[in-house]
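Close look at the chain arrangement
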Amino acid sequence: MPARSHFLLLAALLVSFVLDRFASQLNPYYLDICTNVGINIILAVSLNLINGFTGQFSLGHAGFMAVGAYTSASVTMFLGPHLPLGMGGPLLFLPALLAGGAMAALAGLMVGVPSLRLTGDYLAIVTLGFGEIIRVIFRNMESVGGSLGLQGIPDYTTPFWTFSFAALTIYVVSSLVNSTYGRGFIAVHDDEVAASAMGINPTKYKIIAFIVGAFFAGVAGGIYGHFKLSIDPKGFDFVKSIEIVVMVILGGMGNNVGVVLAAILLTLLPEFLRTMAGWSLPNPFGSHSVSLRWIAETRMIIYSLLIVVLMLVRPQGLFTLSLGRHRKKEGP
Amino acid sequence: MRDAPGPSASSLLRLEKCTMRFGGLMAVSELDLNLDTNELVGLIGPNGAGKTTAFNLITGVYPPTEGEVFFCGQPLRKQKPHQITARGIARTFQNIRLFSSLSVFDNVRVAFQLHQRSGFLQSLLRGPAFHRTERQVEQEVMEVLEIFRLGRFRHTLARNLPYGDQRRLEIVRALATKPKLLLLDEPAAGMNPTEKVQLMGLIQFIKEKFDISVLLVEHDMQVVMGICQRVAVLDHGIKIAQGTPEEVRRDPKVIEAYLGDKHQDKQRRA
C-alpha cells in the first residue's frame, strides 16, 4: 500500500521535472533565485533534524556543506575527464552529489561522536569550531585551490536536481520523524534521561541525526558548487551556518512546514528588497516621484531588523500551523 | 527473608553490598537487597536516606562504586540505562519526566519502540510491513491507555495533563516497555489522601494484571505500609531494618530514624 507521502514525493519529483523542461524559457535571474531557494530548503530541513527534532544545537552546517561541495566538485572536475566517454559529463553529477553527501556524513559522524557528551551551548561551540576547522583545512589544501578555491566547476545543476533533492530531504526527515522509530529523536530532545529509561539509546539517535543531516548538507553543497561554478572557503564560514540556523528557528524548531516556508521567505526577502529599490512611489507633495533606492543601500539592515522583529513577535517560530510535530496524530 | 547474598531460585533483583560514594559523601553504603518474582517491596527512609540513589544504581544511571547488582541472575555491571530497560527494568521518576512536547499517545508509543519498531530503512521506504507494525503499535498503545482510562486524553500534550494523570501516564509509559520489574520513585509525591488510596489500588492492580514485581521507593508510610509485602528501611545510606510492614513499624531503629529518639537524646545529655 503506497502511502500518501509516496505520492507527495512523486508529485514533487514530477513538478521539478516539469519545471526543468521550462527552465530555459524562464528569466535566468528568477531561475537563480529558485535554485537558491531549493538549496536553502535542503540545508534548513536537514539542520532541522539535528537542531529542531533531536535538539542538538549545531552551528557546523556550513562545514558539512563545504565537505560536500569540495568532494563533489573534485569528483566532476578531476575524475570526470579521466572517465571513458559517456561516463563523464552530467551523468557523473548524481554520483558526485552522493559522494559529497557520503563524505559529509562521515564528517557528521566524526563531529557527532566526540560531541555526544556535550549539550546546549557547549555543543554549539564545538560544532562551530568544527566548521571553522573544515574551512581552514580547505584553505590550506593547495590541491583544491587553497584560499582561491576551485574555479571552473562544470555547470551541472538543474532545477530538476535541486528540487528533487529538496523534496527527498523533506520526505526523508518527515518519514523518519513520523515513525515509531523516529519518535526517538523527539524523545531524546525532550528528555534524554527519560528516553534512556524507555530503552532508547540517545547516543545512537544523536549520531543518526548528525549523519543524516550532514549527508543532505553535503548534497546541498554539491548542488551549490555546480550552480555557482566556483567555490572558495570563505563561502562556508560560520555566517552561513547561522543563516541556516535562523531559518530553522524562524520556521519553528521541529516543524518541517514552517522551516521550508522560512527558507523560502528568507531567500526571497533580500531579493525582494533589491527589487523594491527599483520602484518609485508617486509623491503627493511634488511632481518628482519618491525613489526607493535607499532600500537597496540598507537592505541588509532591513533584513536583519525584520528578523529581530519576527523573533520578538513570534518567538515560537513564524509558522506554528497544526502541521508540525504537534500534529494530533489520529490513533486507531 | 532471603537477603543474604547468594543465588536464589526465584530471585529477580539482587543487590550485593552496593556502595555509592559521591566524593566524600557516602550516599548508599553496602546495601543488600533481594526482590523475588512477583513481589512488591518497599524501600523507605527519611529525606536524603539514599533511596533515589539506590534506584539510580539499579537502573544504571550511576555505576556502583563497589558491589554488584544482579537482575535475573545476570550482573548489570557496565550496562547503560537503555540496555537495562531492554532487559526488563522500567522506572518512573520522582520529578515527573514525560516527553512534554509529545502527546499522551506518542509518549506511550515511544516506549513501545523497544519491542516493536521498524528499522531506519523501513521507516523511509514505508512498505506494507512498516504500516503493519505501526498499526499494531497504535492498537497496543490504545489498549494500554484504555486500561488506565487515559484514552480520552490521547491527543493532549503530556505537559497539559493534570498532575495526577501525569503521574499515571509515567507509570503507563514505563509499563509499555514490558518490564519484569517496575521501579516506582515516590509515586505518591504531591498527592492528596484520596489520590493516595487510588494509587495504592493502582499499584496492586498493575502487579496482578501485568504479573510483574514492583520496587516502590516511598516517603509516605501510609502507602508503603498499605501495600508492600516486605519493606526495607534506609537511613543515611545504611539499611537499618527490613521485614514485613508490621515488623518494620515496631522496629525501634525505624522509629528513631523517623521521629528521633528521646532516650538517646537523654543519654547524650547525661
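Note that the structure is a prediction, hence the values are computed from the model and not measured. (Residues numbered from 1 in each chain as written. Chains lettered and ligands numbered in written order. Predicted model: local features only at pLDDT ≥ 70, side-chain atom pairs only at ≥ 80, totals over all residues.)

1. Notes on the overall build of chain A
The condition is simple: The way it works is that DSSP assigns letters per residue, a run of H or I at least four long becomes a helix, a run of E at least two long becomes a strand, and they are numbered from the N terminus. Any pair of residues counts as being in contact when their C-beta atoms, constructed from backbone geometry, are within 7 Å of one another.
A tally of regular secondary structure across chain A gives 13 helices and four strands. By its C-alpha atoms, chain A is 75 × 55 × 45 Å across when sized along the principal axes. Excluding contacts between residues fewer than 6 apart, the proportion of contacts in chain A whose partners are at least 24 apart in sequence is 80%.

2. Examining the interface of chain A and chain B
Note the following rule: The nonpolar class holds Ala, Val, Leu, Ile, Met, Phe, Trp, Tyr, Cys and Pro. Asp, Glu, Lys and Arg form the charged class, and all remaining residues, Gly among them, are polar.
Of the residues lining the interface, 29 residues belong to chain A; the matching set on chain B comes to 42 residues. Elements supplying a minimum of two residues to the side of chain A that touches chain B: α1 (4–21), α6 (159–177), α7 (183–190) and α8 (192–197) of chain A. Considering every element that reaches the side of chain A that touches chain B, the biggest residue donor is α7 of chain A, with five residues. Of the residues contributing to the side of chain A that touches chain B, the split by class is 13 nonpolar, 11 polar and five charged.

3. Notes on the environment of A241 of chain B
Residue and element names in this part refer to chain B. Counting through the fold element by element, A241 comes out in strand β10 (residues 238–243). Through-space distance from the C-alpha of A241 to that of T85 is 29 Å; in sequence the pair is 156 residues apart. Here A241 is in contact with V233, V248, D251, K253 and V254, once residues within four sequence places are set aside.

4. As for the nonpolar core
Selection criterion: Connectivity within a nonpolar core runs through C-beta atoms within 7 Å, and the core itself is a set of buried Ala, Val, Leu, Ile, Met, Phe, Trp, Tyr and Cys residues. In this scheme every C-beta is placed from the backbone, and a residue whose C-beta has 20 or more other C-beta atoms within 10 Å is buried, one with 12 or fewer is exposed, and one in between is partly exposed.
Among the nonpolar cores identified, the biggest contains 161 residues, and I42, A44, M65 and A220 of chain A together with L182 and L216 of chain B are the most heavily contacted of them. With 13 residues, the single largest contributor to this core is helix α9 (residues 202–228) of chain A. M65 of chain A has contacts with L43, A217, G218, A220, G221, Y224 and F236 of chain A, leaving out every residue within four places of it along the chain.

5. Digging into the pairing of strand β4 (residues 66–71) of chain B
Here is the key point about a regular strand: its side chains alternate between the two faces of the sheet. Residue and element names in this part refer to chain B. Applicable threshold: By the convention used here, strands pair only if DSSP detects at least 2 bridges between them.
In terms of strand pairing, strand β1 (residues 11–22) meets β4 through five bridges, oriented antiparallel. Looking at β4, one finds that E16 is bridged to E68. In terms of strand pairing, β4 meets strand β5 (residues 74–75) through two bridges, oriented antiparallel. For F71, the partnering residue across the bridge sits in β5 and is Q74.

6. Some details on the sheet that holds strand β9 (residues 230–235) of chain B
All names here are of chain B. Threshold: Axis angles are defined between N-to-C directions and span 0 to 180 degrees, where every axis is a line fitted to C-alpha atoms and, for a helix, only to the segment in contact.
An order of β6-β7-β8-β3-β9-β10 is seen for the six strands of this open sheet, with the pairing classed as mixed. Both edges of this open sheet fall to β6 (89–91) and β10, since each of them pairs with a single strand only. Taken pair by pair, the neighbouring strands of this sheet meet at an average axis angle of 20°, ignoring direction. Here three bridges tie β6 to strand β7 (residues 181–185), and the two strands are oriented parallel to one another. Following the sheet pairing, I89 is matched in β7 by L181. Running over the sheet, helix α10 (residues 252–259) touches β9 and β10 and is turned about 125° from β10.

7. Section: helix α3 (residues 104–112) of chain B
Here α3 of chain B lies mainly inside the structure; nine of its nine residues are buried. Here α3 of chain B has its buried residues at V104, F105, D106, N107, V108, R109, V110, A111 and F112 of chain B. Residues of α3 of chain B that are buried sit in contact with α7 of chain A together with α5 (128–147) and α6 (163–175) of chain B.

8. Structural notes on the sheet that holds β4 of chain B
Residue and element names in this part refer to chain B. One open sheet holds the four strands; their spatial order is β2-β1-β4-β5, and the pairing between them is antiparallel. At either margin of the open sheet sits one strand with a lone partner, and together these are β2 (25–36) and β5. Sitting on the sheet, helix α1 (residues 51–58) is in contact with β1, β2 and β4, with an inclination near 65° to β2.

9. Regarding the packing of helix α10 (residues 238–251) of chain A against helix α11 (residues 256–276) of chain A
Residue and element names in this part refer to chain A. To keep it simple, the criterion reads: With respect to orientation, any angle under 35 degrees is reported as roughly parallel, any angle over 145 as roughly antiparallel, any angle of 65 to 115 as roughly perpendicular, and every other angle as oblique. Should the near helix be turned anticlockwise from the far one by less than a right angle, the crossing is termed left-handed; should it be turned clockwise, right-handed.
Where α10 meets α11, the closest approach of the two axes is 7 Å, and the angle between their N-to-C directions is 125°. Between α10 and α11, the angle falls in the class oblique. Crossing geometry of α10 relative to α11 is assigned as right-handed. Across from V246, M247, V248, L250 and G251 in α10, the residues of α11 making contact are G258, V259, L261, A262, A263 and L266. Grouping the constituent residues of the contact of α10 with α11 by class yields nine nonpolar, two polar and no charged.

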